[in-house]
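Analysis of the macromolecular model
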Amino acid sequence: MSELETTQERSPAVPAWEYAEAPESKEIVRLEDRYGLFIGGDFVEPKSGKYLPTIDPATEETLAEVSEAGTEDVELAVSAARNAFDTGWRDLPGKERAKYLYRIARALQERAREFSVLESMDGGKPIKESRDIDLPLAAAHFFYYAGWADKLEYAFPGRSPSPIGVAGQVIPWNFPMLMAAWKLAPALATGNTTVLKPAETTPLTALLLAEVLQQAELPAGVVNVITGAGETGAALVASDVDKVAFTGSTEVGKLIQRTIAGSGKRLTLELGGKAANIVFEDAPLDQAVEGIVNGIFFNQGHVCCAGSRLLVQEPIFEPLLDKLKTRLETLRVGDPLDKNTDVGAINSQAQLEKIEELVAAGVDEGAEIYQPACDLPARGFWFRPTLFTGVSQSHRIAREEIFGPVLSILTFRTPDEAVEKANNTPYGLSAGVWTEKGSRILWMAERMKAGVVWANTFNRFDPTSPFGGYKESGFGREGGLHGLEPYLELNGS
Ligand code: NDP
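Residues numbered from 1 in each chain as written. Predicted model: local features only at pLDDT ≥ 70, side-chain atom pairs only at ≥ 80, totals over all residues. Heavy atoms only, no water.

**A word on the overall build of the chain**
From N to C terminus, the chain includes 15 helices and 20 strands. For the chain, the C-alpha radius of gyration of 23 Å lies close to 23 Å, the compact-globule estimate for 493 residues. Projecting the C-alpha coordinates of the chain onto the three principal axes gives extents of approximately 70 × 50 × 40 Å. Taken across its 493 residues, the chain has 59% of its residues classed as buried. The long-range share in the chain, meaning contacts at least 24 apart out of those at least 6 apart in sequence, stands at 77%. (Helix = DSSP H or I, 4+ residues; strand = E, 2+ residues; numbered from the N terminus. Rg over C-alpha atoms; globule rule 2.2 N^0.38 Å. Buried < 20%, exposed > 50% of the residue type's maximum accessible area, 1.4 Å probe, protein only. Contact = heavy atoms within 4.5 Å.)

Right under this line is the structure:
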């Protein structure tokens, strides 16, 4: 590929750092050959009789087989949830519900290493991310919502909050445990029961979570976990649930919205994004480079709020690009279980093909590609950290969600132009602003059509902070007090 600039052509060369391998042991994980569905508090064989393999994307080895829930299985799970709702959970005092959430949170902390290793094996994300971000945040969500369970009247004064009923919750493969926590914790704190459907490629930590629910002695049927592919998700959405909570692609989100239109089911959608990460000329450049790298290469770029469009003010374009390229050369791509790894495996063959297709479109449309020269493992699904310059607003790589480690770089001259370019997207999930001026941060934040605006940082999450989108990024908020609302009937609302 003639456009490909490689490390060899750049100078000065970065000293070659040799890292000794530091693999996290897999010993702590105990895998079954085959998993049933978690319905009514027990693991049961699927009525469908069907199973799907789940593989390690770093090695392509099959880790286990999981059940593929059919319509009958979905109905059984929903009726187990309905029964649990009607026979006790809805009427349990908030402080009693809170005890279960605290127990789950503590068990997640105690078993964090086991969960982190399994998350990295099944999904391909670097162990240092699953260990330091996904698992601590998942536990923090349960702790946080446990605190709300007995204070709902204070959260919504004068509005008699009551639970909705049974929630059908469909989650994606990029943050399996964290998304499970984002869905389950507020639902349980508010007195709802649920049926959770993890993604086809990353079902194992949700099944391990089911074991934790047993350990916490959560009443049978309050949470049910059904595995399967898209058809299972579609069957859950169409079933007798009272509320649907979905995180995933905009395409499937629209399909779900059409399916349940007119049914009276409540809906929250957390969909795709194409966030602008905007760097002004007065920004601290080294700090910004770290934020840009974290914004797009965190979790291989499989992040709905990833800073995938970098907008750089013209005077600093060259020095920033230079620093960014130098930094890319130090990123370590490879074994997700190695504690040195910065960029792990792409989650699936299908996702790798999607990234490759969009990157090829970027080259065809005339953008200039840069990838550091790094060795990739022979087996598994991998993609080098990638930058594109010479990108225009009309390029597919500037408009479509790539969901991979690919950054499109554009420039701007004035703050108004930055606002216009940043908002020129069908999405509106997040944005980042880098500048030393507090007044400019506020000016920009007011104008960004995005649910979250980070200032001089990127990809920071906290259970107390609401998260969600505008436009094609969806609606409804998860996290914080706002995250309780989608799970409650509020009189007077
Ligand atoms: P999907 O939106 O298909 O997957 C999200 C979840 O929805 C999964 O559990 C999936 O099941 C399930 N699902 C699929 N079809 C249906 C349906 N008709 N009704 C109900 N549930 C359904 O994402 P993909 O995995 O296909 O990824 C495609 C693209 O979506 C990615 O390339 C990326 O751009 C984007 N994406 C965005 C995410 C975000 O958080 N914004 C998260 C994931 C993907 P199953 O996995 O079993 O098919």
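On we go.
**What to know about the sheet that holds strand β1 (residues 34-35)**
Strand order in the open sheet formed by three strands is β1-β5-β4, with mixed pairing between adjacent strands. Only two strands of the sheet have a single neighbouring strand rather than two, namely β1 and β4 (51-55). Strand contacts of helix α7 (residues 204-215): β1, β4 and β5 (62-67), with the helix running at about 65° to β5, the strand carrying the most contacts. (Pairing = 2+ DSSP bridges. Axes fitted to C-alpha atoms, helices over the stretch in contact; angles between N-to-C directions.)

**Description of helix α2 (residues 94-110)**
The terminal C-alpha atoms of α2, which comprises 17 residues, lie 24 Å apart, in line with the 24 Å expected from a rise of 1.5 Å per residue. Turning to α2, its buried residues are Gly 94, Arg 97, Ala 98, Tyr 100, Leu 101, Ile 104, Ala 105, Ala 107 and Leu 108. Turning to α2, the residues buried within the fold contact α1 (71-89), α3 (112-123), α4 (127-148), α5 (152-155), α6 (176-189) and α7. (Expected span 1.5 Å × (residues − 1).)

**Some details on the pairing of strand β10 (residues 243-247)**
The element β10 is extensively covered by neighbouring structure, given that five of its five residues are classed as buried. Judged by which residues are buried, β10 turns out to be covered on both faces: Lys 243, Ala 245 and Thr 247 on one side and Val 244 and Phe 246 on the other are all buried. Two strands pair when backbone bridges link them, and strand β7 (residues 166-170) and β10 are joined in this way by four bridges, in the parallel orientation. The residue of β10 that forms the bridge with Val 170 is Phe 246. For the crossover from β10 across helix α9 (residues 250-260) to strand β11 (residues 266-270), the handedness is right-handed. (Right-handed = clockwise from strand over helix to strand, strands pointing away.)

**Brief notes about the confidence of the model for the chain**
For the chain, per-residue confidence averages 95 on the pLDDT scale, and 96% of positions sit at 70 or higher. The low-confidence segment residues 1-8, where pLDDT is below 50, has 19 contacts with residues more than four positions distant or belonging to other chains. (pLDDT = per-residue confidence, 0-100.)

**A closer look at the packing of aromatic side chains**
The tally for this structure, following the rule as stated, stands at 12 aromatic pairs. When the ring of Tyr 144 is compared with that of Tyr 145, the centres are 4.9 Å apart and the planes differ by 80°; the resulting orientation is edge-to-face. Residues Tyr 144 and Tyr 145 agree in their burial class; the two are buried. Look at Tyr 144 and Trp 148: their rings are 6.5 Å apart centre to centre, the planes differ by 85°, and that puts the pair in the edge-to-face class. In this pair, Tyr 144 and Trp 148 are both assigned in helix α4, four residues apart and thus about one turn of the helix distant. There is no split in this pair, since Tyr 144 and Trp 148 are both buried. An aromatic cluster is present here, built from Trp 182, Trp 454, Phe 458, Phe 461 and Phe 467 joined pairwise through their rings. (Phe/Tyr/Trp six-rings, centres within 6.5 Å; stacked < 30°, edge-to-face > 60°.)

**Comments concerning α9**
Of the residues making up α9, those classed as buried are Thr 250, Gly 253, Ile 256 and Ile 260. Taken down its axis, α9 places every buried residue within 115° of arc, on the same side. Every exposed residue of α9 that faces more than 90 degrees away from the buried side is listed here: Glu 251 and Arg 258. Where α9 is buried, its residues touch α8 (230-238), β10 and β11. Two residues or fewer past α9, Gly 262 is found with a positive phi of approximately 85°. (Arc of directions from axis to C-beta.)

**Considerations on the site of the ligand**
Taken together, 28 residues are adjacent to the ligand, and Ile 171, Trp 173, Ser 249, Gln 351 and Lys 354 come closest. Here a nitrogen atom of the ligand and a backbone polar atom of Ala 234 are 3.4 Å apart. Within the backbone of Leu 271, a nitrogen or oxygen atom sits 2.9 Å from a nitrogen atom of the ligand. Considered on its own, the ligand offers 840 Å² of accessible surface; in the complex 85% of this is hidden by protein. Elements with a minimum of two residues in the shell around the ligand: α8, β10, α9 and α12 (349-364). (Near = heavy atom within 4 Å. Polar contact = N/O pair within 3.5 Å; in protein donor to acceptor, adjacent residues only side chain to side chain. Areas by Shrake-Rupley, 256 points an atom, 1.4 Å probe, with all protein chains shown as cover.)

**A look at the side chain of Asp 73**
Mapped onto the secondary structure, Asp 73 falls in helix α1. No salt bridge is formed by the buried Asp 73, whose closest oppositely charged neighbour, Lys 47, lies at an N-O distance of 6.6 Å. If we ignore the near neighbours within four places in the chain, the residues touching Asp 73 are Leu 37, Ile 39, Pro 46, Lys 47, Ser 48 and Glu 68. (Lys, Arg positive; Asp, Glu negative; His and termini not counted. Salt bridge = Lys/Arg side-chain N within 4 Å of Asp/Glu carboxyl O.)

**Digging into the pairing of β4**
Of the strand pairs in this sheet, β4 and β5 are connected by five bridges, and their pairing is antiparallel. Its bridge partner being in β5, Ile 55 is matched across the sheet by Thr 62. Where β4 folds back onto β5 in an antiparallel hairpin, the turn is made up of six residues, including Glu 60, whose phi is positive at roughly 65°.

**Comments concerning the environment of Val 223**
Its place among the elements puts Val 223 in strand β9 (residues 223-225). Note: C-alpha distance between Val 223 and Gly 88 (135 residues apart in sequence) is 13 Å. When sequence neighbours within four positions are dropped, the list of residues in contact with Val 223 reads Phe 38, Leu 184, Leu 188, Thr 194, Leu 213 and Leu 218.

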